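Fold and geometry: a report
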Amino acid sequence: MTDTFRPAARLEGLAVSEILRIGARAKALADAGHPVIVLGAGEPDFDTPLHVKAAGVAAIEGGDTKYTALDGTPALKAAICAKLQRENGLTYTPAEVTVAAGAKQIIYNAMMATLDAGDEVIIPTPYWTTYSAIVKIAGGVPVLIPCDDSVGFKLQPAALAAAITPKTRWLMLNTPSNPTGAAYDAAELQALIDVLKTAPQVWLMTDEIYEHITYDGFKCVSPVAVDSAIRPRCLIVNGVSKAYAMTGWRIGYGAGPAALIKAMAVVQSQATSNPASMAQAAAVAALNGPQDEVAARAASFAARRDLVVQRLNAIDGITCRQPEGAFYAFASCAGLIGARTPSGDVLASDRDFCSWLLESSYVATVPGAAFGLQPYFRISYATAMAELEEALDRIAAACSTLTRA
Ligand code: PMP
């Protein structure tokens with residue numbers, strides 16, 4: 001029989017993420033007995049809080065195991081509205097809120113619901129890889145604006161203004177950012193909103209999934225709270241994955257104008273229907289329950305960030321900006337490009353650097369190329385302190401063996 005499989009054109013250039021590919025290589029090395037340390041995954045290393053797990057178990061045992069309302073139970077939508085009021089000072093009604101299987105599906109629903117072929121979406125770069133992939137799947141065109149460490153990895157108003165065309169439908173913002181940890185303060189957001197005010201066809205998607213993981217007293221503020229003029233064309237994206245260590249439960253949510261929310265529900269209704277009933281019950285417990293663990297965990301990430309940034313900057317050829325939030329460090333390895341390894345290989349790119357680190361020192365990191373900006377590499381420091389110290393020892397030792405041009 002001949003193989004007649006042919007992928008759709010919309011998948012061209014898309015693949016399972018590089019992060020997963022690196023994870024698979026790291027696992028193969030570990031399975032072969034090597035002492036691998038993975039600094040690649042975007043996942044908190046602590047466990048889902050006990051009261052949240054208990055709510056999921058109670059939902060299963062209580063028979064909450066059937067289809068629910070399409071895009072979120074009334075209880076979860078109420079908990080999300082209460083969260084937006086309590087933490088962001090924003091009043092949203094349940095008709096302006098939608099729930100899906102992760103923030104990722106929220107973004108997918110939004111792009112599928114709004115993009116026509118050729119519509120443009122502005123994505124500050126480096127970006128979470130999924131942004132551009134979803135835009136492409138939905139038939140849109142990602143417009144990537146490089147924002148390197150000289151601008152703190154943040155989109156500048158003039159660069160935004162220059163990128164807007166009549167075809168621009170969305171600006172995607174992620175604050176604090178994956179992969180850089182950079183976060184926008186109110187004044188920076190206001191400056192971007194001021195540009196958007198000159199282009200009423202452009203909507204703003206603001207991904208606030210790392211809002212509670214910030215350092216040095218930095219307080220995240222939603223663009224809608226900065227200037228309510230953007231509210232009629234803003235989709236707030238958030239979820240429980242990062243704040244409550246609930247990545248596996250798959251619950252994310254969006255808040256925005258009711259017409260958009262309704263269109264997103266149409267997409268979801270023909271794709272996945274409701275998110276898992278018991279996961280929704282657990283998310284209610286997370287959002288309505290005690291919030292003290294959230295802050296305590298952010299504090300534990302702060303010590304790890306300090307260690308990682310300080311140790312990276314001590315390595316010749318590497319520079320790392322201090323991130324305001326999230327649990328990623330995005331370091332430049334520009335000073336090591338062109339260097340020669342002890343076995344004579346030349347590190348021509350950040351991909352070369354990361355794969356050499358993995359193969360020679362068994363430390364898995366992700367090249368900046370995976371996020372659209374080179375030459376950098378990302379370290380996820382949602383890892384135990386002792387492991388981080390060992391990983392940084394190995395990175396420093398490996399870099400000291402390089403012969404620089
Ligand atoms: N947004 C960003 C910036 C992320 O890094 C992630 C997870 N890696 C998500 C959204 C998705 O989170 P989830 O689908 O688990 O809610």
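Worth saying up front: this structure is predicted, and the values here are computed from it rather than measured. The numbering scheme is per chain: residues are counted from 1 as the chain's sequence reads. The predicted origin of the model limits local features to residues at a pLDDT of at least 70 and limits the giving and counting of side-chain atom pairs to 80 or more, whereas totals for whole chains, interfaces and linings rest on all residues.

A word on the overall build of the protein chain. Within the protein chain one finds 13 helices and 13 strands. Considering only residue pairs separated by 6 or more positions, the protein chain has 72% of its internal contacts joining residues 24 or more positions apart. Numbering of helices and strands starts at the N terminus; helices are DSSP runs of H or I of at least 4 residues and strands are runs of E of at least 2. Contact criterion: two residues are in contact if their C-beta atoms, reconstructed from the backbone, are within 7 Å.

Moving on, we come to the site of the ligand. Placing the C-beta atom from the backbone, one calls a residue near a molecule or strand if that atom lies within 6 Å of it. Every one of the 13 residues lining the ligand counts as a neighbour, but Gly102, Ala103, Lys104, Gly239 and Ser241 are closest to it. All residues other than Ala, Val, Leu, Ile, Met, Phe, Trp, Tyr, Cys, Pro, Asp, Glu, Lys and Arg, Gly among them, are scored as polar; the first ten of these are nonpolar and the last four charged. When grouped by side-chain class, the residues that make up the shell around the ligand number 3 nonpolar, 8 polar and 2 charged.

Moving on to the packing of helix H12 (residues 350–361) against helix H13 (residues 385–400). In the contact formed by H12 and H13, the axes pass within 11 Å of each other and the chain directions differ by 105 degrees. Relative to H13, the element H12 is oriented roughly perpendicular. Counting all contacts with H12, which are made through Leu357, Ser360 and Ser361, the residues of H13 involved are Arg394, Ile395 and Ala398. For the contact of H12 with H13, the residue count by class is 3 nonpolar, 2 polar and 1 charged. Convention adopted: a line fitted to C-alpha atoms gives each axis, helices being fitted over their contacting stretch, and angles between N-to-C directions are expressed from 0 to 180 degrees. With respect to orientation, any angle under 35 degrees is reported as roughly parallel, any angle over 145 as roughly antiparallel, any angle of 65 to 115 as roughly perpendicular, and every other angle as oblique.

Here, any two strands with at least 2 DSSP bridges between them count as paired. Spatial strand order, S9-S10-S13-S12: 4 strands in an open sheet with antiparallel pairing. Each end of this open sheet is capped by a strand with a single partner; those strands are strand S9 (319–320) and strand S12 (366–367). Strand direction decides the pairing type here: S9 and strand S10 (residues 328–332), joined by 2 bridges, are antiparallel. Residue pairing in the sheet places Thr319 in a bridge with Ser332 of S10.

With respect to topology, 7 strands assemble into an open sheet ordered S2-S8-S7-S6-S5-S3-S4, the strand pairing being mixed. The outermost strands of the open sheet, each flanked by one partner alone, are strand S2 (97–100) and strand S4 (141–146). Adjacent strand axes in the sheet meet at a mean angle of 20 degrees, parallel and antiparallel pairs treated alike.

Turning to the domain arrangement of the protein chain, a few remarks are in order. An automatic or database domain assignment is the source of the domain bounds shown. Taken as a whole, the protein chain is organised into domain 1 (11–40 + 293–400) and domain 2 (66–289). Centre-to-centre, using C-alpha coordinates, domain 1 lies 27 Å away from domain 2. With 23 residues of domain 1 at the interface, the matching set in domain 2 holds 28 residues. Contributions of two or more residues to the side of domain 1 that touches domain 2 are made by helix H11 (292–313) and S10. Here the side of domain 1 that touches domain 2 takes 5 residues from H11, the largest share from any one element. For the side of domain 1 that touches domain 2, a count of residues per class yields 14 nonpolar, 5 polar and 4 charged.

This brings us to the confidence of the model for the protein chain. You can read pLDDT as the predictor saying how much it trusts each residue, on a scale of 0 to 100. Per-residue pLDDT for the protein chain averages 95, and the proportion of residues at 70 or more is 100%. Among the scores for the predicted complex, ipTM is 0.99 and pTM is 0.95.

A separate point is the UniProt feature "domain: Aminotransferase class I/classII large" (unreviewed entry) in the protein chain. UniProt positions are given in the numbering used here, feature names are shortened, and annotations may be inferred rather than shown by experiment. This chain's UniProt record puts "domain: Aminotransferase class I/classII large" (unreviewed entry) on residues 35–395. Along residues 35–395 one finds 39% helix and 16% strand; the C-alpha atoms at either end are 14 Å apart.

In this scheme, a helix's expected span is set at 1.5 Å multiplied by one less than its residue total. Between its first and last C-alpha, helix H10 (residues 277–288) extends 17 Å over 12 residues, near the 16 Å set by a 1.5 Å rise per residue. By the criterion of burial, H10 is predominantly enclosed, with 10 of the 12 residues buried. Counting other C-beta atoms within 10 Å of a residue's C-beta gives its exposure: the residue is buried at 20 or more, exposed at 12 or fewer, and partly exposed in between, where C-beta atoms are placed from the backbone. Residues of H10 that are buried include every one of Met278, Ala279, Gln280, Ala281, Ala282, Ala283, Val284, Ala285, Ala286 and Leu287, and no others. Buried residues belonging to H10 abut helix H2 (50–61), helix H3 (74–88) and S2.

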